[in-house]
Amino acid sequence: MKGITEAEFAQAVDSRSDKPIYSIMRSSRIGIAGLGGLGSNIAAALARSGVGHLILADFDTVELSNINRQLYTLNHIGQKKAEALPMILHEINPFCEITSLPLRVTADNCRELFADCDIIIEAFDAPEQKAMLVNTVLEQMPEKNLISGSGMAGFGNANAITTRFITEKLTLCGDGKTDVVDGVGLTASRVMVCAGHMAVRAVEIILQKGRKTS
Amino acid sequence: MVTINGEPKAADGMTVLELLSSMQLKPERTAVMIGGEILPKSDYSTALRDGDEVDIVSFVGGG
């Protein structure tokens, strides 16, 4: 890697913006539960935007069937996602501090894992897991901003994927209905649209809060 | 009357479990908010009351 300084990286993130972004992004801390199609692409977007701290968790291993939509490359097959993703992110933004854990997020460890996060992002695949995380965070950590994704399977019009504000703290992205069990598959483009919605919301929360306090 | 995801519905007296069942939704795939507060799964057998504002998120697979 070229010897880029953090000041140079910050200047590049701030270029074309009238207000500084990097200093606010740098102080943010975001947790991502699940490092598949949503989580890996959201993490990449946030690293590019200068997020300072990412707490990542996934027990899973990269497989060939993941390459159609997840950030990994063929070289990562067989590696834990929680080990492969930080290496990719480090090549994008070496100043992002990453804690990455190869474990299953449960109702019992969720609070401890994401206690220091400003925002928690639900990026699981299975609907039961999505519901578990959303219920657990809203019950145990009602003060946290929570962003969840539901409905991004298939290849239907991307405009069906939206950002909805369910409560003050809960944002839900996706089309809300297209289920992968219906045999429609998952495509990189549509999963990335949903991941994009979720990352946009995270950045919006950080910058709005940052500008209020600065 | 109860409001379900912004729509009025005559569901007062029904439990959340009965409501979900009537909507063909699986409780293990949902998050239910009443008046903007999450309803713990252990309270899904409580009856809805007139005026309750219920938001139901039912998750689908893929990610």
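Refer to the structure above for everything that follows.
Per chain, residues are indexed from 1 in the order of the written sequence. Chain letters and ligand numbers both follow the written order, the letters beginning at A and the numbers at 1. Totals for whole chains, interfaces and linings use every residue, but because this is a predicted model, local features are given only for residues with pLDDT of at least 70 and side-chain atom pairs only at 80 or more, for both listing and counting. Only heavy atoms go into the side-chain values, all of them from the structure, while hydrogens and water stay out.

S.K.: When you look at the side chain of His 53 of chain A in this model, what are you seeing that I'm missing?
M.R.: Residue and element names in this part refer to chain A. Secondary structure counts use DSSP, requiring at least four H or I residues in a row for a helix and at least two E residues in a row for a strand, with both numbered from the N terminus. You can see His 53 is positioned in strand β2 (residues 53-57). Each residue gets one of three labels from its accessible area relative to the maximum for its type: buried under 20%, exposed over 50%, partly exposed in between, using a 1.4 Å probe on protein chains only. Judged by relative accessible area, His 53 falls into the buried class, the value being 15%. A polar contact is formed between the side chain of His 53 and the side chain of Glu 97, at a distance of 3.3 Å. Here a polar contact is taken to be a pair of N or O atoms separated by no more than 3.5 Å, where protein atoms must pair a possible hydrogen donor with a possible acceptor and residues adjacent in sequence count only if both atoms sit in side chains.

S.K.: I keep staring at unusual backbone geometry and nothing clicks. Help me out?
M.R.: Residues and elements named next belong to chain B. In this structure, Asn 5 is a non-glycine residue whose phi angle is positive, near 45°. Inspection of the secondary structure puts Asn 5 in the loop between β1 (2-4) and β2 (7-9). You can call Asn 5 partly exposed: its relative accessible area is 37%. Of note, Gln 24 is a non-glycine position whose phi angle comes to about 55°, a positive value. Here Gln 24 is to be found in the loop between α1 (16-22) and β3 (30-34). Given the relative accessible area of 73%, Gln 24 is considered exposed.

S.K.: It is not clear to me how the pairing of strand β7 (residues 170-174) of chain A should be interpreted in this structure. Could you clarify?
M.R.: The side chains of a regular strand alternate between both faces of the sheet. All names here are of chain A. Buried residues dominate β7, accounting for five of its five residues. Every second residue of β7 is oriented toward a common face, with Leu 170, Leu 172 and Gly 174 on one face and Thr 171 and Cys 173 on the other, all of them buried. The sheet contact formed by strand β5 (residues 145-149) and β7 spans four bridges and is parallel. If you follow Leu 146 over to β7, its bridge partner there is Leu 170. Bridging between strand β6 (residues 162-165) and β7 involves four bridges; their strand directions are antiparallel. At least two DSSP bridges between two strands are needed for those strands to be called paired.

S.K.: How should I be thinking about the sheet that holds β1 of chain B in this particular structure?
M.R.: Hydrogen bonds between backbone atoms are what pair the strands of a sheet, whose relative direction is either parallel or antiparallel. Residues and elements named next belong to chain B. Overall, mixed pairing links the five strands, which are arranged β2-β1-β5-β3-β4 in an open sheet. Each having just a single partner strand, β2 and β4 (37-38) make up the two edges of the open sheet. Note: β1 against β2, three bridges, orientation antiparallel. Of the residues in β2, the one forming a bridge with Thr 3 is Pro 8.

S.K.: Sorry if this is basic, but what is going on with the interface of chain A and chain B here?
M.R.: How big an interface is tends to be reported as the loss of accessible area on association of its parts. It only takes one pair of heavy atoms within 4.5 Å for two residues to be counted as in contact. If you look at the interface, chain A gives 27 residues, while chain B gives 19 residues. Note on terms: buried area is the combined drop in 1.4 Å-probe accessible area of two parts once they are placed together, counting the loss on both. The three residues of chain A that bury the most area against chain B are Pro 127, Glu 128 and Asn 135 of chain A, which together make up 26% of that side's buried surface. Salt bridge, as used here, is a side-chain nitrogen of Lys or Arg placed within 4 Å of a carboxyl oxygen of Asp or Glu. Where chain A packs against chain B, one counts one salt bridge. The interface formed by chain A and chain B contains eight residue pairs in polar contact (both at pLDDT 80 or more). Listing elements by their share of the side of chain A that touches chain B, those giving two or more residues are α3 (37-48), α6 (127-140) and β7 of chain A. Take the side of chain A that touches chain B: its biggest share by element is eight residues, from α6 of chain A. All amino acids are sorted into three groups, where Ala, Val, Leu, Ile, Met, Phe, Trp, Tyr, Cys and Pro are nonpolar, Asp, Glu, Lys and Arg are charged, and the leftover types, Gly among them, are polar. Looking at the side of chain A that touches chain B residue by residue, the classes come out as 12 nonpolar, eight polar and seven charged.

S.K.: How should I be thinking about α3 of chain A in this particular structure?
M.R.: What sets the pattern is the α-helix's 3.6 residues per turn: residues three or four places apart point alike. Residues and elements named next belong to chain A. Here the expected span of a helix is defined as 1.5 Å times the quantity of residues minus one. With 12 residues, α3 extends 17 Å between its outermost C-alpha atoms, agreeing within 8% with the 16 Å of an ideal straight helix rising 1.5 Å per residue. Among the 12 residues in α3, 10 count as buried, and that is most of the element. Buried within α3 are the following residues: Gly 37, Leu 38, Gly 39, Ser 40, Asn 41, Ile 42, Ala 43, Ala 44, Leu 46 and Ala 47. Gly 50 sits one or two residues past α3 and shows a positive phi near 90°.

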